[in-house]
Amino acid sequence: MGHDAPVAFFQSPPELGNQYTHDRVLRSYLSRVLGKEALASIEAELSELGELSGGELYRMQLADRQNEPRLVSWDPWGNRVDEIEITPLWKRAQVIAAEKGVVATGYEKKLGDRARVHQFALVYLFDGSTDVYTCPLAMTDGAAATLSHHGGKVAEHALAHLLSRDPKEMWTSGQWMTERTGGSDVGLSETVAKPMDDGSGRYRLYGTKWFTSATTSQMALTLGRPDGNPNGGKGLALFFVEVRDADGKMNGIQINRLKDKLGTRKVPTAELTLDGTIATPVAGHTDGIRQITPMLNVTRTWNSVCSLSAMRRSIALARDYATKRVQFGASLADKPLHTETLAGMQAELEAAFCFVFKGVELLGKLEAKTATPREITALRLFTPLMKLTTGKQAVAVVSEALECCGGAGYIEDTGLPRLLRDAQVLSIWEGTTNVLSLDSLRAIAKEGALAPFLAEMEAATNDVSPEVAPLAKAAMTAAGHAAAWLEKTFATDAQSVEAGARRFALTLGRSAELAYLSSHASWCLTNENDRRPLMAATRFLKNRVDFIEDESTDNRALAMDL
Ligand SMILES: Cc1cc2nc3c(=O)[nH]c(=O)nc-3n(C[C@H](O)[C@H](O)[C@H](O)COP(=O)(O)OP(=O)(O)OC[C@H]3O[C@@H](n4cnc5c(N)ncnc54)[C@H](O)[C@@H]3O)c2cc1C
């Protein structure tokens, strides 16, 4: 090129720094809830993981973009092997997860009843750069919680692996519930369980599991119907399955194919045939869906924290990009409308964060047996509300973040489109938005969870600083409107209660987000002289926290175009 050739422009890409030290929200929250001494005792590990997540793992993630898990059904000699080869990023994530105790920390209880806060801070930092390796970890944690709850020999054997920090010893677990008949209505499951006649008390399972993520796991918890049991959920039993025997042979399991999915492309999600799979009952021979509840509570909490992580990662990239991208004579970070957009996204994250981590605190207290009866009942409603509210927020915020990066946000090798594809599953698996809205109603009707839930919100907000008080009041008012609607409608019109369940649940979820953010904002004003959480709460209220009654629409006519 000659000397006079014009200098071409190349855009600098968005970059990440240490994902712990750069995260004001996480650090300020931990400093409030853990206090100086406890935080200092774990800060080095948080910072290390933050460094890995914004550095080595993030670079690996970009380089690993086009790799996908591969199913090898047969060996060269015609033997069926059903091996799944995972990608280099996942192999690295597997080692880091074990060594950093991303699951084990919740059980080691270094910080007593705040062990779950400690652990989920790690999850939040780890998730963003591991292409959903948190999926097998969530199920591993869920299995550990379920087996710890039920106890017994099988539990002892499995827990030693599930909670190991040695990558060679650590197992992950699958959760095989969904069949072709349904993932929401699991009671329709067709898998049958036939008792073995060797006196061992074990069964052989026959059936098809339609969505089994993390099929590389060493074990799974699954459901089957013992011979002679009735139809429906009650007739299902919860089983423990080891995927391979001591020689590495599959335990009567065939992997039919890996699913071709919109996102979570690194997660090997398979369809399985169980053909004589040896399985041990975990907790009796009936009521399997009820027995697996500890697992669902834990995996739904993971889902909520991973929704936070998706929002946080996409905002971090969009924010950095805003400092680097110049349009119309100034960087995007100096454009009032662009920063207004980013502020709205940040407000969503901060509100969601405060609500979800309050739920995490309660889970830790429940497990450490320090929770009050009111907290225990409130948690029953926290779990579905957190999951359904944040699943929706993650998709919206991540989608906005892609637009913040303009055309680059749509281009695969920037790594940005993956964020949106992976976020989309957060509202589907572990219970869809509607299914969890109905579950929230069940928690209220059967367990009386609404009053304790509102009382917890009230307690968190009743002595906030005067500047924050109107926001706290707005949160309580919106929740109160939703509660009043439910009370009125419950008494008169069951169909309308069901039709309004999602609006009700999202209003309650968003009200709680505003309440817990207000409470945190008040603490930040007093202790950190930081007004940003107050601004986030103010903005979050403008993003909408209200309950819209809608009784005039004929939903069926509109939905089905009748
Ligand atoms: C990537 C991926 C990985 C997965 N991994 C696993 C796994 O490892 N293990 C596992 O067990 N499952 C797994 N699943 C399955 C997942 O949990 C189910 O897809 C999910 O629970 C929904 O079930 P379904 O697909 O049968 O949908 P359906 O139950 O058929 O739901 C379809 C629609 O109907 C709505 N709906 C259902 N019931 C009601 C109702 N009563 N009122 C109003 N609306 C309703 C739902 O909200 C949804 O919008 C995975 C799914 C995906 C996408």
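Since this is a predicted model, take the numbers as computed values, not measurements.

**Quick look at the pattern of salt bridges**
Then, number 1: Within the structure shown, the criterion is met by 36 salt bridges.
Then, number 2: Glu348 serves as the salt-bridge partner of Arg510, at 2.9 Å between the closest nitrogen and oxygen. Placement of Arg510 in helix α17 (residues 501–527) and of Glu348 in helix α10 (residues 336–368) is noted, with a sequence separation of 162 residues between them. Pair check on accessibility: Arg510 and Glu348 agree, each one buried.
Then, number 3: Of the charged contacts, one joins Arg418 and Asp422 as a salt bridge, the two residues approaching to 2.5 Å between their closest N and O atoms.

**Observations regarding the site of the ligand**
Then, number 1: If you check the shell around the ligand, you find 20 residues, and the closest are Gln175, Thr178, Gly183, Ser184 and Thr432.
Then, number 2: One of the backbone N or O atoms of Met177 is found 2.9 Å from an oxygen atom in the ligand.
Then, number 3: About the coverage of the ligand: the protein hides 65% of its 970 Å² of free accessible area.
Then, number 4: Looking at the shell around the ligand, the elements that each hand over two or more residues are β5 (203–212) and α13 (433–447).
Then, number 5: Residues of the shell around the ligand, tallied by class, amount to eight nonpolar, eleven polar and one charged.

**What to know about α13**
Then, number 1: The terminal C-alpha atoms of α13 lie 20 Å apart, and with 15 residues this matches the ideal 21 Å at 1.5 Å per residue to within 8%.
Then, number 2: Listed as buried for α13 are Thr433, Leu436, Ser437, Asp439, Ser440, Leu441, Ala443 and Ile444.
Then, number 3: At the exit of α13 stands Gly448, carrying a positive phi of roughly 60°.

**Some details on the packing of helix α14 (residues 450–461) against α17**
Then, number 1: The interhelical angle for the contact between α14 and α17, taken along N-to-C directions, is 25°, at an axis separation of 8 Å. With respect to their mutual orientation, α14 and α17 come out roughly parallel. The way α14 lies across α17 gives a crossing that is left-handed. Of the residues in α17, those touching α14 at Leu450, Phe453, Leu454, Glu456, Met457, Ala460 and Thr461 are Leu508, Ser511, Ala512, Ala515, Tyr516 and Ser519.
Then, number 2: Partitioned by chemical class, the residues of the contact of α14 with α17 number nine nonpolar, three polar and one charged.

**Here's the deal with the environment of Leu385**
Then, number 1: Along the polypeptide, Leu385 turns up in helix α11 (residues 373–404).
Then, number 2: The sequence separation of Leu385 and Ser304 amounts to 81 residues, and the corresponding C-alpha distance is 9.5 Å.
Then, number 3: Sequence-distant contacts of Leu385, that is, excluding residues within four places in its chain, are made with Phe355, Ser440, Phe453, Ala505, Leu508 and Gly509.

**Quick look at the pairing of strand β2 (residues 80–85)**
Then, number 1: When strand β1 (residues 70–74) meets β2, the two strands line up antiparallel, connected through four bridges. Its bridge partner being in β2, Val72 is matched across the sheet by Glu83.
Then, number 2: Two successive antiparallel strands, β1 and β2, enclose a turn made up of five residues, where Gly78 displays a positive phi of approximately 90°.

**Overview of the packing of aromatic side chains**
Then, number 1: Overall, the coordinates contain 14 aromatic pairs when judged by the stated rule.
Then, number 2: Both rings, one in Phe355 and one in Phe453, keep their centres 6.3 Å apart while their planes meet at 85°; by these two values the pair is edge-to-face. Note that Phe355 is positioned in helix α10 and Phe453 in helix α14, a separation of 98 residues in sequence.
Then, number 3: Taken together, the ring pairs in this structure connect Tyr29, Tyr124, Phe353 and Phe357 into an aromatic cluster.

**Focus: the nonpolar core**
As a rule of thumb, nonpolar side chains are buried together in soluble globular proteins.
Then, number 1: Grouped together as the largest cluster of nonpolar side chains are 149 residues, with contacts concentrated most on Leu30, Phe126, Leu221 and Phe453.
Then, number 2: Setting aside residues no more than four positions away along its own chain, Phe453 makes contact with Phe355, Ala378, Leu381, Phe382, Leu385, Leu508 and Ala512.
Then, number 3: Listed in part, the 17 residues of the second largest apolar core include Ile84, Leu205, Ala220 and Val243.

**So, the state of the cysteines**
Then, number 1: Under the defined criterion, the tally for this structure stands at zero disulfides.
Then, number 2: Sulfur of Cys306: no disulfide; nearest cysteine sulfur belongs to Cys135 and is 9.3 Å away.
Then, number 3: With relative accessibility at 9%, the residue Cys306 sits in the buried group.
Then, number 4: Its sulfur unpaired, Cys524 is 7.8 Å from the next cysteine sulfur, which belongs to Cys354.

**Focus: the packing of helix α1 (residues 24–54) against helix α5 (residues 115–127)**
Then, number 1: Two elements in contact, α1 and α5, have axes separated by 9 Å at closest approach and are oriented at 35°. Crossing hand, α1 versus α5: right-handed. Of α5, the residues touching α1 (which contributes Leu26, Tyr29, Leu30, Val33, Leu34, Ile42, Glu45, Leu46, Leu49, Gly50 and Ser53) are Val117, His118, Ala121, Leu122, Tyr124, Leu125 and Phe126.

**Brief notes about the environment of Leu34**
Then, number 1: Among the structural elements, Leu34 can be located in helix α1.
Then, number 2: Along the chain, Leu34 and Arg114 lie 80 residues apart, while their C-alpha atoms are 7.6 Å from each other.
Then, number 3: Setting aside chain neighbours within four positions, we find Leu34 in contact with Leu39, Ile42, Leu111, Arg114 and Val117.

**As for the environment of Asp275**
Then, number 1: Tracing the backbone through its elements, the reader meets Asp275 in strand β9 (residues 270–281).
Then, number 2: Residue Asp275 is classed as exposed on the basis of its relative accessible area of 51%.
Then, number 3: Along the sequence, Asp275 and Asn251 sit 24 residues apart, while their C-alpha atoms lie 8.6 Å from each other.
Then, number 4: Leaving out residues up to four positions away in the same chain, Asp275 has contacts with Leu205, Tyr206 and Gly252.

**Description of unusual backbone geometry**
Then, number 1: Even without being glycine, Asp131 reaches a positive phi, approximately 45°.
Then, number 2: Summarising the element assignment, Asp131 is placed in the loop between α5 and α6 (134–150).
Then, number 3: Using a relative accessible area of 4% as the deciding quantity, one classes Asp131 as buried.
Then, number 4: Its identity as a non-glycine residue notwithstanding, Ala214 has a phi of 55°, on the positive side.
Then, number 5: Relative to the elements of secondary structure, Ala214 occurs in the loop between β5 and β6 (219–226).
Then, number 6: Among the residues examined, Ala214 registers a relative accessible area of 1% and is labelled buried.

Reading the values: the criteria
- Position labels on residues start from 1 in each chain and follow its written sequence.
- Selection of residues for local features in this predicted model requires a pLDDT of at least 70, selection of side-chain atom pairs for listing and counting requires 80 or more, and totals for whole chains, interfaces and linings are taken over all residues.
- Water and hydrogen atoms play no part in the side-chain values, which are based on all heavy atoms of the structure.
- Here, a salt bridge means any Lys or Arg side-chain nitrogen found within 4 Å of an Asp or Glu carboxyl oxygen.
- Each helix is a run of DSSP H or I of at least 4 residues and each strand a run of E of at least 2, with the numbering of both proceeding from the N terminus.
- When a residue's accessible area, from a 1.4 Å probe over protein chains only, is under 20% of the maximum for its type it is buried; when over 50% it is exposed; and in between it is partly exposed.
- By convention in this text, a residue qualifies as near a molecule or strand provided that one of its non-hydrogen atoms is within 4 Å of it.
- Pairs of N or O atoms within 3.5 Å make up the polar contacts considered here, provided that, within protein, one atom can donate a hydrogen while the other can accept it, and that residues adjacent in sequence are counted only when both atoms are side-chain atoms.
- To be clear on the numbers: accessible area is Shrake-Rupley with a 1.4 Å probe, and residue cover counts the displayed protein chains and nothing else.
- Throughout this entry, Asp, Glu, Lys and Arg are counted as charged residues, while Ala, Val, Leu, Ile, Met, Phe, Trp, Tyr, Cys and Pro are counted as nonpolar. The remaining residues, Gly among them, count as polar.
- How far a helix is expected to stretch is found by multiplying one less than its residue total by 1.5 Å.
- Lines fitted to C-alpha atoms define the axes, with helix axes restricted to the stretch in contact, and inter-axis angles between N-to-C directions lie between 0 and 180 degrees.
- If an angle is under 35 degrees, it is roughly parallel; if it is over 145, roughly antiparallel; if it lies from 65 to 115, roughly perpendicular; otherwise it is oblique.
- Helix crossings get a hand from a simple test, with the near helix turned counterclockwise from the far one by less than a right angle marking a left-handed crossing and a clockwise turn marking a right-handed one.
- Residue contacts are defined here by distance: any two heavy atoms, one from each residue, within 4.5 Å place the two residues in contact.
- What makes two strands pair is DSSP finding at least two bridges between them.
- Two rings belonging to Phe, Tyr or Trp (six-membered ring only in the last case) form a pair when the distance between their centres is within 6.5 Å. Interplanar angles under 30 degrees mark stacking, angles over 60 mark edge-to-face geometry, and anything in between is tilted.
- In this description, a nonpolar core means a group of buried Ala, Val, Leu, Ile, Met, Phe, Trp, Tyr and Cys residues linked to one another through side-chain atoms lying within 4.5 Å.
- Two cysteine sulfur atoms make up a disulfide if the distance between them is within 2.5 Å.

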